[in-house]
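Notes for the structure review
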Amino acid sequence: MTPERELLEGAYRDFNARRLDSVLALMHPDVVWPNGMEGGFVHGHEGVRDYWTRQWAVLDPRVEPVDISHDERGRWVVKVHQVVHDREGKLLVDQFVRHAYQIRDSLIARMDIE
């Protein structure tokens, strides 16, 4: 298994377990992360921490990697099964999406939702 694949699988595992500090440790300090709730991007560890804290207060998202590949643009692309419930357990989303990552210095530098 490549170091990039291990990095990404670990990030999903820690995200689903809500181990915020563990996921942030896998990100570059200047990470650029998509704000899937409100649009745009958040920046840096504190931006991601604030975004996920707000997200997890109202939603229970889970993302399971199905396929990880390296594309022609040098990105790591992860097909994920995304299931989102509200805090009362009502299913809101059940779909497959693609996350495209840029990795720099062995850390996640950017993620885009495709």
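In case you missed it, the structure is sitting above this.
Residues numbered from 1 in each chain as written. Predicted model: local features only at pLDDT ≥ 70, side-chain atom pairs only at ≥ 80, totals over all residues. Heavy atoms only, no water.

Bringing the overall build of the chain into the picture now. If you tally the helices and strands in the chain, you get 3 helices and 6 strands. The helix and strand sequence of the chain, counted from the amino end, reads α-α-β-β-α-β-β-β-β. On C-alpha atoms alone, the chain measures out to a radius of gyration of 13 Å, which is about the 13 Å that the 2.2 N^0.38 rule sets for 114 residues. For the chain, the spread of C-alpha atoms along the principal axes amounts to about 40 × 30 × 25 Å. Classification of the 114 residues of the chain by burial places 42% in the buried group. For the chain, the exposed area adds up to about 6300 Å²; of that, 49% sits on carbon and sulfur atoms. (Helix = DSSP H or I, 4+ residues; strand = E, 2+ residues; numbered from the N terminus. Rg over C-alpha atoms; globule rule 2.2 N^0.38 Å. Buried < 20%, exposed > 50% of the residue type's maximum accessible area, 1.4 Å probe, protein only. Areas by Shrake-Rupley, 256 points an atom, 1.4 Å probe, with all protein chains shown as cover.)

The next point concerns the sheet that holds strand β4 (residues 76–86). Here 6 strands make up an open sheet; going across it, the order is β2-β1-β6-β5-β4-β3 and the pairing mixed. Each edge of the open sheet carries a strand with a single partner, namely β2 (41–43) and β3 (59–70). Sheet twist, expressed as the mean angle between neighbouring strand axes with direction ignored, is 20°. Looking at chain direction, strand β1 (residues 27–34) and strand β6 (residues 107–113) are connected through 2 bridges and run parallel. Paired with Val-32 across the bridge in β6 is Arg-110. Where helix α1 (residues 3–16) meets the sheet, its contacts fall on β3, β4, β5 (91–104) and β6, and the angle it forms with β3 comes to roughly 170°. (Pairing = 2+ DSSP bridges. Axes fitted to C-alpha atoms, helices over the stretch in contact; angles between N-to-C directions. Contact = heavy atoms within 4.5 Å.)

Attention shifts here to the pairing of β6. As judged from the 6 bridges shared by β5 and β6, these two strands associate in the antiparallel manner. Among the inter-strand pairings, Ala-100 is bridged to a residue of β6, identified as Asp-112. The antiparallel pairing of β5 with β6 creates a hairpin that spans 2 residues between the two strands, and Asp-105 there sits at a positive phi of about 55°.

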